[in-house]
Amino acid sequence: MKKLEELGISPAPWKKVLDEFGDEEAQYQVAVTDERFPVGAVTLEGNFCEADSCLIAAAPEMYEALRKITEEQECGRDCAKCTNHGCVIKECKAALAKASGEGEVAK
């Protein structure tokens, strides 16, 4: 699996930010910053916007963790805590493929 920088994805950390409007509406943003300046943001609205923003903000770290797990399994190391390697690794690879744009696309 490719690393984030090979996919052209902004590096971590991504941050959840609350945008408050004076009229009782709240929106959440996921902001991507370099060392000094914001380089991008996505605004989320709706019933699940706070939870969704947490998940999106964690995406780069989760991607890298899954990538490392699959690499370790592929090179023959054994995870003592996992009893069903094939199933877990298959799920990790499917999630990585989806995140990298290599997975199935809904039509």
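Owing to the predicted nature of the structure, the values given are computational and were not obtained by experimental measurement.

Focus on the overall build of the protein chain
Alright, step 1. Across its full length, the protein chain carries three helices and three strands.
Alright, step 2. Shown N-terminal to C-terminal, the secondary structure of the protein chain runs as helices and strands in the order α-β-β-β-α-α.
Alright, step 3. For the protein chain, the residues scored as buried account for 22% of the 107 residues in total.
Alright, step 4. For the protein chain, the accessible area works out to roughly 8,000 Å², and carbon and sulfur atoms hold 54% of it.

Some thoughts on the pattern of salt bridges
Alright, step 1. In the structure shown here, the tally under the stated rule is three salt bridges.
Alright, step 2. Ionic contacts of the salt-bridge type, sharing partners, join the residues Glu64, Arg67 and Glu71 into one network.

Quick look at the side chain of Arg67
Alright, step 1. Following the sequence through the fold, Arg67 ends up in helix α2 (residues 49-74).
Alright, step 2. A relative accessible area of 4% places Arg67 in the buried class.
Alright, step 3. When neighbours within four sequence positions are excluded, Arg67 is seen to be in contact with Met1, Lys2, Lys3 and Leu96.

Overview of the nonpolar core
Alright, step 1. Among the nonpolar cores identified, the biggest contains seven residues, and these are Trp14, Tyr28, Val30, Val32, Leu44, Cys49 and Ala57.
Alright, step 2. Where this core is concerned, the elements lending two or more residues are β2 (26-33) and α2.
Alright, step 3. Considering each element in turn, this core owes the most residues, three residues, to β2.
Alright, step 4. With residues near it in sequence (within four places) discarded, Leu44 still touches Gln27, Tyr28, Val30, Cys49, Asp52, Ser53 and Ile56.

So, the confidence of the model for the protein chain
Alright, step 1. Overall, the prediction assigns the protein chain a mean pLDDT of 75, with 71% of residues at 70 or greater.
Alright, step 2. No element of the protein chain has a lower mean pLDDT than strand β1 (residues 14-20), which averages 75, and none a higher one than α2, which averages 84.

A few points about the environment of Glu102
Alright, step 1. With respect to the helices and strands, the residue Glu102 is situated in the segment after α3 (85-100).
Alright, step 2. Residues within four places of Glu102 in sequence aside, it is in contact with Met1, Lys2 and Ala97.

Procedures and definitions
Residues numbered from 1 in each chain as written. Predicted model: local features only at pLDDT ≥ 70, side-chain atom pairs only at ≥ 80, totals over all residues. Heavy atoms only, no water. Helix = DSSP H or I, 4+ residues; strand = E, 2+ residues; numbered from the N terminus. Buried < 20%, exposed > 50% of the residue type's maximum accessible area, 1.4 Å probe, protein only. Areas by Shrake-Rupley, 256 points an atom, 1.4 Å probe, with all protein chains shown as cover. Salt bridge = Lys/Arg side-chain N within 4 Å of Asp/Glu carboxyl O. Contact = heavy atoms within 4.5 Å. Core = buried A, V, L, I, M, F, W, Y, C linked by side-chain atoms within 4.5 Å. pLDDT = per-residue confidence, 0-100.

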